[in-house]
Structure formats: C-alpha cells, structure tokens
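Listed here are the chains, written in short residue letters.
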Amino acid sequence: MAESKVTVIAWIRAKTDKVQQVRGELLKLLAPTRAENGCINFDMHQGVTDQSQFLFHENWTSEAALKAHFETPHIKNWLRQAEGLLAEPLEVTLWSRVA
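Residues numbered from 1 in each chain as written. Predicted model: local features only at pLDDT ≥ 70, side-chain atom pairs only at ≥ 80, totals over all residues. Heavy atoms only, no water.

(A) Local environment of the environment of Lys 15. Relative to the helices and strands, Lys 15 is located in the loop between strand E1 (6-13) and helix H1 (19-34). On the basis of relative accessible area, Lys 15 is assigned to the partly exposed category, the value being 33%. For the pair formed by Lys 15 and Gly 84, sequence separation is 69 residues and the distance between their alpha carbons is 8.6 Å. Filtering out sequence-adjacent residues up to four positions away, Lys 15 remains in contact with Gly 84, Leu 85, Leu 86 and Ala 87. Among the polar contacts made by the side chain of Lys 15, one reaches the main-chain carbonyl oxygen of Gly 84 at a distance of 3.2 Å. (Helix = DSSP H or I, 4+ residues; strand = E, 2+ residues; numbered from the N terminus. Buried < 20%, exposed > 50% of the residue type's maximum accessible area, 1.4 Å probe, protein only. Contact = heavy atoms within 4.5 Å. Polar contact = N/O pair within 3.5 Å; in protein donor to acceptor, adjacent residues only side chain to side chain.)

(B) The pattern of salt bridges, seen in detail. As enumerated under the stated definition, the model contains five salt bridges in all. Among the salt bridges present, the one from Arg 13 reaches Asp 50, with a minimum N-O distance of 2.7 Å. Here Arg 13, found in strand E1, pairs with Asp 50, found in the loop between strand E2 (39-46) and strand E3 (53-60); they are 37 residues apart in sequence, far enough to count as distant. Among the residues examined, Asp 50 registers a relative accessible area of 25% and is labelled partly exposed. Between Lys 28 and Glu 25 there is a salt bridge, with the nearest N and O atoms lying 3.0 Å from each other. Taken together, the residues Lys 28 and Glu 25, both in helix H1 and three residues apart, mark about one turn of the helix. The exposure class assigned to Lys 28 is exposed, which follows from its relative accessible area of 55%. Its relative accessible area of 16% is what places Glu 25 among the buried residues. (Salt bridge = Lys/Arg side-chain N within 4 Å of Asp/Glu carboxyl O.)

(C) Structural context of the nonpolar core. Grouped together as the largest cluster of nonpolar side chains are 23 residues, with contacts concentrated most on Ile 12, Val 22, Leu 26, Phe 54, Phe 56, Trp 60 and Trp 78. Looking at this core, the element that brings in the most residues is H1, giving five residues. Among all residues touching Trp 78, those that are not within four sequence positions of it are Ile 12, Val 22, Glu 25, Leu 26, Leu 29, Leu 85 and Leu 86. (Core = buried A, V, L, I, M, F, W, Y, C linked by side-chain atoms within 4.5 Å.)

(D) Representation of the sheet that holds E2 in the model. The strand order across the open sheet built from four strands is E2-E3-E1-E4, with neighbouring strands paired in antiparallel fashion. Looking at strand neighbours, the two that pair on one side only are E2 and strand E4 (91-95), the edges of this open sheet. In this sheet, neighbouring strand axes are inclined to one another by 15° on average, regardless of whether the strands run parallel or antiparallel. In the packing of H1 onto the sheet, the strands contacted are E1, E2 and E3, and the crossing angle to E2 comes to about 165°. (Pairing = 2+ DSSP bridges. Axes fitted to C-alpha atoms, helices over the stretch in contact; angles between N-to-C directions.)

Now the structure itself:
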C-alpha cells in the first residue's frame, strides 16, 4: 500500500526583538524546501495582529518525504538557530485529510 499524503502545520513565535530576523531566516527556507522531492506546497504565513507569529502550511507526498525534509542542511541550520530566536518551542503537528 502506498503511503498517503501528510499535511503539516508548524507554529512559530519569534521573540519580540527578533521578528524581522526570524522572518528573514524563514524566507530563506522557501525555495530550497519547495524544490525537495515530495514537497507539494510549503506556504509561510505571518500573523496580522501579532507579527511575531508565523505559520507554515505544508503538504508532502508521504511521511518519508517529510522525514527527509528534516534531514536537509537548510532545515538543520534553521533548527539550530531557532533556539535563540523563538519565544517558545516550535510546534509541528501532522494531519491527514478526511474530506
């Protein structure tokens, strides 16, 4: 049986004095991630009323493709930087489409 598509919602909250730096670093992830095998979409959003909030809505062809994504140099680099830039831990949840 083929693996099914997986949707990811990732919530990020920047420290208030690091919002622009976080935004810049997150923007650098877009092109390399979108070029990865298995990436269907990788969409970044920023809060309207609270600009320290970022949300990623992602779709991957499989959990295996998502796991490979977390092993890429650009994501490993981001995760190393994130510790000093974020107000709270990154929250990543996985979803499967029902209807």
